[in-house]
Amino acid sequence: MSSVTVSFASVTGDVATAAADFASEAKTVLIIGEKASLTAENALPLAALSLPAEFAAPIADGTTESITTYLGGKTVTLATFSDKRTRNLPPVRNDAIHDVVTKNAGKDGDVVILLRLTTEDQIMPAALAVARAFPLYVKKQKAATPRTVRVHIVTSGECVATSTSQIQVVADAVREAANLVDTPPNELNPTTYVEIVRAIHKEKLEAAGVTLTVIQGTELRERGFGGIWNVGKASENLPALVILSHTPENAKKSVAWVGKGITFDTGGLSIKVGGVMSNMKTDMGGSAGVFEGFIATVLNKVNTNFALHAILCIAENSVDERSFRVDDVITAYSGKTVEINNTDAEGRLCLMDGVAYASKDLNVDVIVDMATLTGAQTYATGSKHAGFVSNNADFETLIYNAGKASGDLAFPMLYCPEFLSVEKVMPSKVADMTNIPSAAGDRTNAPSAGAGLFVLSHMSPEEKWVEGGEGLWAHIDMAFPSNAAGRGTGYGVGILYSVAQALNQRFA
């Protein structure tokens, strides 16, 4: 584990609050913001750093985007980032903030960061960008010296709805989700993953009224979870379905988040070749986002008007004599049968059991499933925006806005079951469906959206989850936003947290 502690010390409109921290033993002081914020009158605590009034002039006149000086053993950097934002970006360039912090925060010693913002809606995406710049997982022979990063957020106006304690909880969850994604498969497998969930439940969640249910190993087979069981049965660490539930006293509705948790994906007997097996430790990123998003939502008491369930579909897609095979016909928890055309399309087989449990056993009103599901996602929405599909236009807008509000960007994919349903693109002569399109031409026919509709087909009753039905559903494919530059990003925590905030208002 990393020895870096990230602490959000203040959210204020008074720059003097942050300036008081400059006298600490910090080795690095980093002041960042959009150009207009940094160059406004009295925007910077220059006197507290014994810097001249004209220090920021090269940034104001466009000569440079950053200035570094050395004072009293400290490295002091003033840096700006792009303010160019088109409509599909968050209210602040969180990607640019992450890059600036990563470049200028140094590799050792304590850090004080002053983040200069304009509006309150910039706070959460900016804070999470700072948090993910300091990844937790590292395992090197020489241990790094512990260091502390203290972050002060200064806005131009009064901050009413955002506290440092709330930010800290969400930021910690983002870092922990990224840590799970970064953990190698010889350390994180279905057995150890369940142990981690049990430990965190005991440490953080049990006192908040959260219950934990684990269905593991052959019990999955016996209870009819044919998707998760078949995907994970070849591993010496058998699969599990983990359900965390939090039901407030005044809950009016029920919501389930379902996450794909493939701790390593070899592709199974349809084995990954040509180097694409590398980094498949990240194939559990959806479950990490769901788990840590659940933790942040519950600990910050966001879901006062609805019950919240986190369902983690945990398995390892291994190669063994027990592996499920192409041409197998398996029975899902929904009761529907699936003919296997490709064992490397395993994530949807796990999700189908998770959403079936949510709709049948929990009888929820809202389901959001999230997964690193398809390589085609980047062709649909790019490497920074997740792609999602929803059965409801208003809920589609809610998901899109939650992505912008949190910085976990997401963009709608095609919802058109008339053309993309399993009956249209995944028909089978021997089962209810196949797990990938049978015809080669259909494999390029909006495959990421089609994969989402495959998951949807296992939710019941069917009339509840069609367009215009009572149930709200979204499938988020975050295959590419879940990691960047060889590191997990913690994607999923922010967007689900913002979804919870929006739903809590809707269900008031």
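Data block above holds the structure.
Residues numbered from 1 in each chain as written. Predicted model: local features only at pLDDT ≥ 70, side-chain atom pairs only at ≥ 80, totals over all residues. Heavy atoms only, no water.

*Asks:* Which residues make up a negative patch on the surface, and what values do they have?
*Replies:* The grouping of Glu-423, Asp-432, Glu-462 and Glu-463 at the surface amounts to a negative patch. Along the chain, Glu-462 falls in the loop between helix H16 (447-456) and strand E17 (472-477). Glu-462 sits in the exposed class, given a relative accessible area of 58%. (Patch = residues over 30% accessible without salt bridge, like charges linked within 9 Å, V, L, I, M, F, W, Y side chains within 5 Å. Areas by Shrake-Rupley, 256 points an atom, 1.4 Å probe, with all protein chains shown as cover. Salt bridge = Lys/Arg side-chain N within 4 Å of Asp/Glu carboxyl O. Lys, Arg positive; Asp, Glu negative; His and termini not counted. Charge placed at Lys NZ, Arg CZ, Asp CG, Glu CD. Helix = DSSP H or I, 4+ residues; strand = E, 2+ residues; numbered from the N terminus. Buried < 20%, exposed > 50% of the residue type's maximum accessible area, 1.4 Å probe, protein only.)

*Asks:* Quick rundown of helix H10 (residues 285-299)? Include the residues and the values.
*Replies:* Along its 15 residues, H10 runs 21 Å from first to last C-alpha, staying within 8% of the 21 Å computed at 1.5 Å per residue. For H10, the tally of buried residues reaches 14 of 15 residues, placing the bulk of the element in the interior. Downstream of H10 by one or two residues, Lys-301 has phi in the positive range, about 55 degrees. (Expected span 1.5 Å × (residues − 1).)

*Asks:* Let's hear about the packing of aromatic side chains: which residues, and what values?
*Replies:* This model, assessed by the stated rule, comprises five aromatic pairs. Their ring planes at 80 degrees and their centres at 6.1 Å tell us that Phe-306 and Phe-507 sit as a pair that is edge-to-face. Separated by 201 residues along the polypeptide, Phe-306 in strand E10 (residues 306-317) and Phe-507 in the segment after helix H17 (493-506) bring together distant segments of the chain. Connected via pairs of aromatic rings, a cluster forms that spans Phe-225, Tyr-333 and Tyr-357. One residue, Lys-360, lies across the ring of Tyr-333, its end atom 4.2 Å from the ring centre. (Phe/Tyr/Trp six-rings, centres within 6.5 Å; stacked < 30°, edge-to-face > 60°. Lys NZ or Arg CZ within 6 Å of the ring centre and 35° of its normal.)

*Asks:* Got a sec to walk through the layout of surface pockets? Specific residues and values, please.
*Replies:* Volume-wise, the largest pocket comes out at about 1,300 Å³. For the largest pocket, the lining is made up of 45 residues, of which His-98, Arg-132, Ala-133, Phe-134 and Pro-135 are closest to its centre. Elements with a minimum of two residues in the lining of the largest pocket: helix H4 (94-104), strand E18 (483-484) and strand E19 (487-488). Considering each element in turn, the lining of the largest pocket owes the most residues, six residues, to H4. A per-class count over the lining of the largest pocket returns 20 nonpolar, 13 polar and 12 charged. Considered as a void within the structure, the second largest pocket measures approximately 830 Å³ in volume. Contributing to the lining of the second largest pocket are 36 residues, with Lys-272, Leu-373, Thr-374, Gly-375 and Ala-376 lying nearest its centre. (1 Å grid on protein atoms, 1.4 Å probe; cavity = no way out; pocket = protein on both sides within 12 Å on 5 of 7 lines; lining within 4 Å. Points joined across faces, edges and corners; volume = space filled by probe spheres on them. Nonpolar A, V, L, I, M, F, W, Y, C, P; charged D, E, K, R; others polar.)

*Asks:* Requested: an account of the packing of helix H5 (residues 123-131) against helix H6 (residues 164-182), with residues and values cited.
*Replies:* When two helices pack together, their arrangement is given by the angle between the helix axes and the distance between those axes. Closest axis-to-axis distance for the H5/H6 pair is 9 Å, and the angle between their directions is 45 degrees. In this view, H5 runs oblique relative to H6, as classed from their interaxial angle. Once H5 is placed against H6, the crossing between them reads as right-handed. Residues Ile-123, Met-124, Ala-127, Leu-128 and Ala-131 of H5 form the contact with H6, whose participating residues are Ile-167, Val-170, Ala-171, Val-174 and Arg-175. Along the lines of polarity and charge, the residues of the contact of H5 with H6 split into nine nonpolar, no polar and one charged. (Axes fitted to C-alpha atoms, helices over the stretch in contact; angles between N-to-C directions. Parallel < 35°, antiparallel > 145°, perpendicular 65-115°, else oblique. Left-handed = near helix turned anticlockwise from the far one by under 90°. Contact = heavy atoms within 4.5 Å.)

*Asks:* Describe unusual backbone geometry, with residues and values.
*Replies:* Most peptide bonds take the trans form, and the phi angle of most residues other than glycine is negative. Note the cis peptide between Ser-460 and Pro-461, where omega equals -5 degrees. Locating Pro-461 in the fold gives a position in the loop between H16 and E17. With a phi close to 50 degrees, Asn-363 is a non-glycine residue in the positive phi region. Along the polypeptide, Asn-363 turns up in the loop between helix H11 (347-360) and strand E13 (366-371).

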